[in-house]
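Spelled out, the chains give:
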Amino acid sequence: MNESDSERLSSGFTNMGFDATDDMATADVVVMNTCVVRQSAEDTATGVLGRLGKRMKGNPNRMIAVMGCMVGPEQTELKRRFPYVDVWARPQEFDPILETAGLKHGLDPEGCLVGAVSENPNVASFIPIVHGCDKFCTFCIIPYRRGRENSRPALEIVHEAEVMVARGVKDITLLGQNVDSYGHDIRPRVDLADLMEQVHEIPGLDRIRFLTSHPNDMSVRIIEAIRDLPKVCEMINLPFQAGDDTILANMRRGYTRGQFMDKIYQIKKMIPNVTLTTDLIVGFSGETDAQFERSMEILREVEFSKVHTSEYSYREGTFASRKMTDDVSRAVKKARKVAVDEFQAEIQSKNNATLVGTNLDVLVEGRKRGRLHGRSRGDKLIYLNVPVGTGAVEPQPGQTVQVEIKASSPWSLEAEPIEAKVQKEKVPVV
Ligand code: SF4
């Protein structure tokens with residue numbers, strides 16, 4: 001979400017006539033976009049801000065803005081601690097930043113943010129569709145910092161997607177803290193399935209994804225849309241966070257282990273080739289070894305394609321910080337995370353090995369550390385090796401090529417493009 005916000009704001013600055021620089025010390029405008037989902041992230045942000053203030057001292061043209069989750073509704077304390085910050089902007093509050101920069105530099109921000117899409121967007125890009133969250137899980141600061149759910153109009157989203165596709169985007173991920181709840185606050189009612197149908201109509205777009213889901217809002221209509229719309233990738237990130245009912249109740253997740261598993265069975269029944277990923281917190285307040293084992297049972301049963309695991313950390317301002325004790329030691333949290341990571345490495349290693357020798361369609365995204373890479377519909381990271389001396393043409397970012405998987409690891413796959421397909425894609429249409 002933050003990456004997407006930064007791209008939008010950056011595009012607004014470009015439209016105003018600013019150039020980007022990597023050098024914070026000489027920049028006229030520095031915008032720090034903050035993620036403070038963990039206390040440690042907030043501590044890092046305040047540390048950088050302190051150093052930034054010293055480095056930019058004496059530059060009369062300079063402007064510092066802080067945006068994102070660090071900026072809650074109450075800013076008195078932040079303003080006292082960092083008096084040299086010119087603008088404090090809440091998540092997606094782009095206008096005051098552009099207006100202040102415009103005033104300082106005699107530039108007019110009017111209209112610069114409308115449909116702000118980067119001039120050179122990544123082949124795989126993001127569009128936020130719903131901001132904020134209404135769920136109030138006890139460990140989470142997001143609803144207090146990003147506010148209540150607020151869906152963007154479908155027309156605006158579709159227009160933004162059309163502009164992106166015209167600029168070369170092939171794979172769009174629709175984003176929300178709780179993306180499945182999209183549209184509940186819009187009249188007449190629309191939902192994520194309706195929106196995906198509209199985005200699906202855009203010619204030139206190849207793939208649609210969405211992040212992140214809440215098990216209670218993943219409706220049958222959404223599952224049907226994933227199953228029935230060819231451009232929607234068969235992959236779902238469905239966080240379970242804990243496998244024990246008492247821990248789930250203390251987290252106020254709003255479902256039991258049984259309800260979560262029913263949802264998983266329902267999805268697997270409706271979309272047999274689905275890729276499932278999840279989020280898990282280990283060491284939440286009061287979590288015993290036996291309760292942690294309940295989470296491991298779910299991992300063994302579902303065999304997720306990927307698990308994003310966090311050690312629970314005390315987060316000031318949350319319900320858990322006020323009412324619960326962070327009583328699982330750091331060593332135990334770490335050991336539990338290691339257990340999850342080791343188990344997942346085994347599962348991913350085993351499942352990826354079964355793909356060796358098979359063919360997959362890969363959307364080429366670009367180069368990572370010099371290596372051409374792309375992703376499958378199921379979000380597998382695939383490195384492409386084009387054999388030299390065979391006359392095969394190297395595929396370009398934005399092309400979808402069929403590949404044969406040659407090798408695997410828990411985290412990625414190695415593949416060779418199937419020559420005929422690569423050549424075919426390069427033949428100009430007369
Ligand atoms: S659903 Fe996600 S964003 Fe919303 S409160 Fe829970 S963890 Fe935070």
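Residues numbered from 1 in each chain as written. Predicted model: local features only at pLDDT ≥ 70, side-chain atom pairs only at ≥ 80, totals over all residues.

A. Representation of the site of the ligand in the model. Inspection of the region around the ligand gives Cys-133, Lys-135, Phe-136, Cys-137, Cys-140, Ile-142, Pro-143, Gln-177, Asn-178 and His-214 as its neighbouring residues. Looking at side-chain class alone, the shell around the ligand contains six nonpolar, three polar and one charged residues. (Near = placed C-beta within 6 Å. Nonpolar A, V, L, I, M, F, W, Y, C, P; charged D, E, K, R; others polar.)

B. Looking closely at the sheet that holds strand E5 (residues 150-151). Overall, mixed pairing links the four strands, which are arranged E5-E4-E6-E7 in an open sheet. Of all strands in the sheet, those with a lone pairing partner are E5 and strand E7 (207-211), marking the two edges. As judged from the two bridges shared by strand E4 (residues 124-131) and E5, these two strands associate in the antiparallel manner. Directly across from Val-130, in E5, lies its bridge partner Ser-151. Contacting E4 and strand E6 (171-176), helix H6 (residues 154-166) runs over the sheet at an angle of about 170° to E4. Running at roughly 155° to E7, helix H7 (residues 192-200) makes contact with E4, E6 and E7 of the sheet. (Pairing = 2+ DSSP bridges. Helix = DSSP H or I, 4+ residues; strand = E, 2+ residues; numbered from the N terminus. Contact = placed C-beta atoms within 7 Å. Axes fitted to C-alpha atoms, helices over the stretch in contact; angles between N-to-C directions.)

C. Spotlight on the domain arrangement of the protein chain. By the assigned domains, the protein chain splits into domain 1 (2-105), domain 2 (124-353) and domain 3 (359-426). Spacing between the C-alpha centres of domain 2 and domain 3 amounts to 28 Å. Each partner contributes to the interface: domain 2 provides 16 residues, whereas domain 3 provides 13 residues. For the side of domain 2 that touches domain 3, the element with the highest residue contribution is helix H13 (residues 330-353), accounting for five residues. Grouping the constituent residues of the side of domain 2 that touches domain 3 by class yields five nonpolar, six polar and five charged. (Domains from an automatic or database assignment.)

D. View of the pairing of E7. Most of E7 sits out of view: four of its five residues are buried. For the segment spanning E6, H7 and E7, crossover handedness is right-handed. (Buried ≥ 20, exposed ≤ 12 C-beta atoms within 10 Å, placed from the backbone. Right-handed = clockwise from strand over helix to strand, strands pointing away.)

E. Here's a closer look at the sheet that holds strand E10 (residues 306-311). Judged by pairing direction, the sheet is parallel, and its three strands sit side by side in the order E8-E9-E10 without closing on themselves. Each end of this open sheet is capped by a strand with a single partner; those strands are strand E8 (235-237) and E10. Between one strand axis and the next, the sheet turns by 10° as a mean value, whatever way the strands run. Summarising the sheet, E8 and strand E9 (residues 275-282) pair through three bridges and their orientation is parallel. Across the sheet, residue Met-235 finds its bridge partner in E9, namely Thr-275.

F. Region of the structure containing the pairing of E10. Judged from the six bridges that link them, E9 and E10 form a sheet pairing that is parallel. Bridge pairing links Thr-277 to Lys-306 in E10. Since E9 and E10 lie parallel, the crossover through helix H11 (residues 289-302) that links them has a hand, and here it is right-handed.

G. Expanded view of the nonpolar core. Counting residues in each nonpolar core, the largest one holds 98 residues, and the members touching the most others are Ile-97 and Ile-129. Setting aside its immediate chain neighbours within four residues, Ile-129 contacts Ser-151, Arg-152, Ile-157, Leu-174, Leu-175, Gly-176, Val-179, Tyr-182 and Leu-195. (Core = buried A, V, L, I, M, F, W, Y, C linked by C-beta atoms within 7 Å.)

H. Local environment of the environment of Leu-384. Of note, Leu-384 is situated in strand E13 (residues 381-384). Judged by C-beta crowding, with 21 C-beta atoms within 10 Å, Leu-384 ranks as buried. Placed 33 residues apart in sequence, Leu-384 and Pro-417 show a C-alpha to C-alpha distance of 6.9 Å. Not counting chain neighbours up to four residues away, the residues in contact with Leu-384 comprise Val-362, Val-364, Leu-372, His-373, Gly-374, Pro-395, Val-403, Ala-415 and Pro-417.

I. Highlighting H13. With 24 residues, H13 extends 34 Å from end C-alpha to end C-alpha; this agrees with the ideal 34 Å at 1.5 Å per step. Buried residues of H13: Lys-333, Arg-336, Gln-344 and Gln-348, and no others. Along its buried surface, H13 packs onto E9, H11 and E10. (Expected span 1.5 Å × (residues − 1).)

J. Local environment of unusual backbone geometry. The omega angle of the peptide bond from Arg-187 to Pro-188 is -5°, so this bond is cis rather than trans. Positionally, Pro-188 belongs in the loop between E6 and H7. Going from Leu-211 to Thr-212, the amide bond is cis rather than trans, its omega being -15°. Inspection of the secondary structure puts Thr-212 in the loop between E7 and helix H8 (220-228). Phi is positive for Phe-136, close to 55°, though the residue is something other than glycine.

K. View of the packing of H7 against H8. The interhelical angle for the contact between H7 and H8, taken along N-to-C directions, is 25°, at an axis separation of 8 Å. If you check the angle between H7 and H8, you find them roughly parallel. Residues Leu-192, Ala-193, Met-196 and Glu-197 of H7 form the contact with H8, whose own contacting residues are Arg-221, Ile-222, Glu-224 and Ala-225. (Parallel < 35°, antiparallel > 145°, perpendicular 65-115°, else oblique.)

L. Structural context of the packing of H6 against H7. Where H6 meets H7, the axes come as close as 10 Å, and the angle between the chain directions of the two elements is 35°. The interaxial crossing formed by H6 with H7 has right-handed handedness. The segment H6 lies against H7, with Ala-154, Ile-157, Val-158 and Ala-161 engaging Leu-195, Gln-198 and Val-199. Among the residues forming the contact of H6 with H7, the class breakdown is six nonpolar, one polar and no charged. (Left-handed = near helix turned anticlockwise from the far one by under 90°.)

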